[in-house]
Amino acid sequence: MQSPAFLPPVKRLSDYRAPEWRVPHIGLVFELDPARTIVRARLSVERNGDHQAPLRLDGEELELLELAIDGAVQPLPNPGADGLVIDLPDGHHLVETVVAIRQEANSRLMGLYASGGKLCTQCEAEGFRRITFFPDRPDVLSRYHVRLEADAGRFPVLLSNGNPAGRGELPGGRHFAEWDDPFPKPGYLFALVAGDLAALEDSFTTRSGRKVALSIWVGAADVPRCRHAMESLKAAMAWDEAAYGREYDLDVFNIVAVHDFNFGAMENKGLNIFNAKYVLADPDTATDWDFDAIAAIVGHEYFHNWSGNRVTCRDWFQLSLKEGFTVFRDQQFSAALGSPAVKRIEGVRALRASQFPEDAGPLSHPVRPDHYLEISNFYTATVYDKGAELIRMMAGRLGPDRFRAACDRYFADNDGKAATVEDFLAAMQAEGLEAPLFARWYEQAGTPHVAVEARHEPGAARLELLIRQSNPRAADAPPLPIPFPFALFAPDGRKLAEEPALLLTERETRLSIDGVGEPPILSLNRGFAAPVITRPAPGRAALSVLAAHEDDSFARYEAMQQLMLSALTDSVVRGSAEGVEDVARAMTAALGQWRDDPALVAETILLPAESLIGDQMPEVDPEAIHAAREGLRRALFARLGDQLWDIWHSCDTDGRDLSPQAKGLRRLKGIALGLLLATDDHEATAAAFLQYADASSMTDRMSALTALSHGNAIERVEVLKLFHDRYRGLPEVLDKWFLVQAASTRPDTRRVVEHLAGHPAFDPRNPNRLRALVLGFGMNQARFHDREGAGYALLARHVLATDRLNPQSAARLVQPLTRWRRFAAPWGPLMRAELARIGSAPDLSRDLTEVVQAGLA
Ligand code: B3K
Ligand code: ZN
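Given the structure is predicted, the values throughout are model-derived calculations rather than measurements.

Enquirer: Tell me about the site of ligand 1, and please be specific about residues and values.
Expert: Within the structure, ligand 1 sits among 13 residues, and E124, A265, E267, E301 and Y384 are positioned closest to it. Within the side chain of H304, an N or O atom sits 3.2 Å from an oxygen atom of ligand 1. A distance of 2.5 Å separates an oxygen atom of ligand 1 from a polar atom in the side chain of Y384. Protein coverage of the free-state accessible area of ligand 1, which is 330 Å², stands at 95%. The set of elements that each furnish at least two residues to the shell around ligand 1 consists of strand 19 (265–266), helix 2 (288–303) and helix 3 (319–337). Looking at side-chain class alone, the shell around ligand 1 contains five nonpolar, three polar and five charged residues.

So this is what it looks like as structure tokens:
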């Protein structure tokens, strides 16, 4: 493989230095124009400490038109590839620049760009330097005053951060708006939006009596579909006051939805910008999953106002300080809105589906990484989701009152500052947490393993436990503090003992429990208290007992999952169908309780994804796994058909009913339908078609479409056409149509994906569409991995084409190939070859280079 001609230097946490210059105030004037925007910046700069270093301003793809120092126009310097270096004699100066930006050529969607006739920005992590010359690092905090000028007809709405500070007419049909943000912030939180937008408006009065005007801005036709996002926002504002004592601090809060966006949403101060997919919803266009995701993301971005904006990060290595904490906060919020047990199950499933494999693969890194090439590659499941698990462990250890006190202290001590993980830990320690131990979790990559050996002494009625922790990725690293609650059950299901507060702190822990007269069944890491892998999994007899009798709902779910995984891995490795009867029995019992808690039963009976089955195997054979899982589905259909039909007939809901109960019924109905379609059974395909046609919600419509999408029934073709024709005008809904076909396990899926890449509605510049079709296919384990490597070649073509347009997207798209080491021949070697071919292409972006290099190393 040819090495890249140019590799920018690796950035290291250990190289951190305080900024040499501060910028207490910045004034910005934007002369917005569809083709070429002029940006005038006035920076008051201030030397930070006793040194002679020049002022360094980052800048990228900016055309410098003017430079003035303290009012004196300077000869135009030639900016280097990454910015301006200016020698300044004194301690305080005024630096003024004028630059031009050609935002219509911006397909990276970083900095100022155009989306559907609107102009908008994305600055995190390093996009502000694509707008103006500035020290673009999170520890340089400034007060912003912004003036936007634009054509009044084309851009009637002009928004920026903070509070409105004036607006008026200008000659030539132009107008202006001014915005003032009283809270100092780093450049990554800057935002502007200009366009022809309409708002859903509402208000929220904070507990101290501040009336905040709330607006969600979209195209006029979409205003009615913003109601759920607005209700979610108000709920989030009230929840943050009640749960964390955090109040909103500006007079206005604006959300804008755009269709072209690199990720979910962005927490810019007072002006959140959202991927439209996480704003627009009504029962006809959004599934229950979408409704929940909107509430979670609206909450997440709102919660950043404190965990991220009022207290920001000193440097990007501290990213989890705001992201892990804010994910934890949004998880608590979602739990409060729905069922805590179901939310926990969903959270752990997501962690195992993305973070565990990441931590076991070539992109593994600590929650606080110590180096990176491109920070955009570190907005990962590890930083977000494992980061949230670390906060959860600390919160659990302190208990609600002391955790709240510790958070209050953290916010009070660091308000208006750029903080570090150490600052957070110091606040936790002040309330009694063993912070130096928990700090270790931030430094170590890899998922820890906890192995438990049990010895029962019947004579002494004693159980001896030897518990060993290890981290295969960091063998020499110090042991971690691991909360490890467990319980003991008798074979008849009685609970014998419970240990809710055990904290493992050593490599080996020995415990002796008296009064245990019979050999018990161990239920370990109850509630998934720690993000670890526990070994060995209990045998199927023990799992059947736990699945039926555990009183911790997560542990009951876990036992059922383990039972299914055990049956599936046995079938893959030994071709044995032995486990099926145990699964069928446990499932029959679980289904018997569906009326009590349909959502929980739905989670419990959900078959593990093929990728998760692969994660349990020494090496992945995608064909054998697919065959085993299909075999189990058919066996369950044969044994449980009557019960499943009964559920399918009984779970009708009104699509407008978004209560947890109604959502649970729809979820259960969808999962039941999926099992009923394990074969191309006529009655089942007819039922699916009927469900599609009669659906009063997108949830029912989508579960029918998904269930049909894998089979051969003619109804599949028909519902795909109906769906396309009904939703062709709504991009965030049409994405579902692309995804459902890319995720189909039908043998012709790759050819379908190739065909869809030529569909007039496929636009590789749109991240949502690209993700739906191409990443959707890359994550389809059964069909991405064909024996000729044609799926890999398809992905590679899209990765290389995308890299020219949007490096962040390309670096995400390539990730399925980086897992080649886990796959058996012929797949693994073919994946590696394709990855190497991508790596040898000329002029790869820094983003893609970093991921490909790590994948090949
Ligand atoms: N903070 C942003 C993510 C920015 C991603 C930059 N590559 C959204 C969020 O986590 O809330
Ligand atoms: Zn976030």
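Enquirer: Kindly report on the packing of helix 10 (residues 553–574) against helix 14 (residues 622–650), identifying the contributing residues and their values.
Expert: At a closest axis distance of 9 Å, the pairing of helix 10 and helix 14 adopts a crossing angle of 130 degrees. The pairing of helix 10 with helix 14 is recorded here as oblique in orientation. At the point where helix 10 passes helix 14, the crossing takes the right-handed sense. Residues L568, S571 and V572 of helix 10 form the contact with helix 14, whose participating residues are A624, I625, A628, R629 and L632. Each residue belonging to the contact of helix 10 with helix 14 can be placed in one class, and the counts come to six nonpolar, one polar and one charged.

Enquirer: I'd like a rundown of the side chain of E241, residues and numbers included.
Expert: By the element assignment, E241 lies in helix 1 (residues 227–244). A polar side-chain atom of E241 sits 3.2 Å from the main-chain amide nitrogen of R207. Sequence-distant contacts of E241, defined by excluding residues within four places in its chain, comprise F204, T206, R207, R246 and E247.

Enquirer: For the domain arrangement of the chain, give the residues involved together with the corresponding values.
Expert: Partitioning the chain into domains gives domain 1 (11–196), domain 2 (311–443), domain 3 (452–530), domain 4 (536–712) and domain 5 (728–857). Once you take the C-alpha centre of each, domain 1 and domain 2 turn out to be 31 Å apart. Buried area between domain 1 and domain 2, summed over both chains or domains, comes out near 1,400 Å², and the portion from carbon and sulfur atoms is 60%. Counting across the domain 1 and domain 2 interface gives one salt bridge.

Enquirer: Got a sec to walk through the sheet that holds strand 16 (residues 198–205)? Specific residues and values, please.
Expert: Taking strand neighbours across the sheet as the criterion, the five strands line up as 16-17-18-20-19 in an open arrangement whose pairing is mixed. Looking along the sheet, the strands with just one partner apiece sit at the ends: strand 16 and strand 19. Direction of pairing for strand 18 (residues 252–258) relative to strand 20 (residues 271–275): parallel, over a ladder of five bridges. Directly across from V256, in strand 20, lies its bridge partner I273.

Enquirer: Outline the coordination of the zinc ion (ligand 2), supporting the account with residue identities and numerical values.
Expert: The protein atoms that coordinate the zinc ion (ligand 2) are H300 (NE2), H304 (NE2) and E323 (OE), at distances of 1.9 to 2.1 Å. All donor residues of the zinc ion (ligand 2) come from one chain, and their arrangement in sequence is H-x3-H-x18-E. Note that H304 is positioned in the loop between helix 2 and strand 21 (311–313) and E323 in helix 3, a separation of 19 residues in sequence. In terms of burial, H304 and E323 fall into one category: buried.

Enquirer: Break down the sheet that holds strand 25 (residues 462–470) for me, citing the residues and quoting the values.
Expert: Here four strands make up an open sheet; going across it, the order is 30-25-24-32 and the pairing mixed. Pairing within the sheet leaves two strands with one partner each, and these edge strands are strand 30 (508–514) and strand 32 (533–535). Averaged over all neighbouring strand pairs, the angle between strand axes comes to 20 degrees, with direction disregarded. Taken together, the nine bridges between strand 24 (residues 449–457) and strand 25 define a ladder with antiparallel strand orientation. Residue pairing for strand 25: A451 is matched across the bridge by R468.

Enquirer: Describe the pairing of strand 10 (residues 118–122), naming the residues involved and giving the relevant values.
Expert: Here strand 10 lies mainly inside the structure; five of its five residues are buried. Neither face of strand 10 is left uncovered, since the one carrying K118, C120 and Q122 and the one carrying L119 and T121 both have all their residues buried. As paired elements, strand 9 (residues 111–115) and strand 10 share five bridges and run antiparallel to each other. Across the sheet, the residue bridging to S115 is K118, located in strand 10. Hairpin geometry of strand 9 and strand 10 is characterised by an intervening segment of two residues between the two adjacent antiparallel strands and by a positive phi of about 55 degrees at G116. Where strand 10 and strand 15 (residues 192–195) come together, two bridges link them in antiparallel fashion. Bridging across to strand 15, C120 finds its partner in V193.

Cut-off values and rules
Residues numbered from 1 in each chain as written. Chains lettered and ligands numbered in written order. Predicted model: local features only at pLDDT ≥ 70, side-chain atom pairs only at ≥ 80, totals over all residues. Heavy atoms only, no water. Near = heavy atom within 4 Å. Polar contact = N/O pair within 3.5 Å; in protein donor to acceptor, adjacent residues only side chain to side chain. Areas by Shrake-Rupley, 256 points an atom, 1.4 Å probe, with all protein chains shown as cover. Helix = DSSP H or I, 4+ residues; strand = E, 2+ residues; numbered from the N terminus. Nonpolar A, V, L, I, M, F, W, Y, C, P; charged D, E, K, R; others polar. Axes fitted to C-alpha atoms, helices over the stretch in contact; angles between N-to-C directions. Parallel < 35°, antiparallel > 145°, perpendicular 65-115°, else oblique. Left-handed = near helix turned anticlockwise from the far one by under 90°. Contact = heavy atoms within 4.5 Å. Domains from an automatic or database assignment. Buried area = accessible area lost by both parts, 1.4 Å probe. Salt bridge = Lys/Arg side-chain N within 4 Å of Asp/Glu carboxyl O. Pairing = 2+ DSSP bridges. Donors = N, O, S within 2.8 Å, 3.2 Å for Na, K, Ca; no water. Buried < 20%, exposed > 50% of the residue type's maximum accessible area, 1.4 Å probe, protein only.

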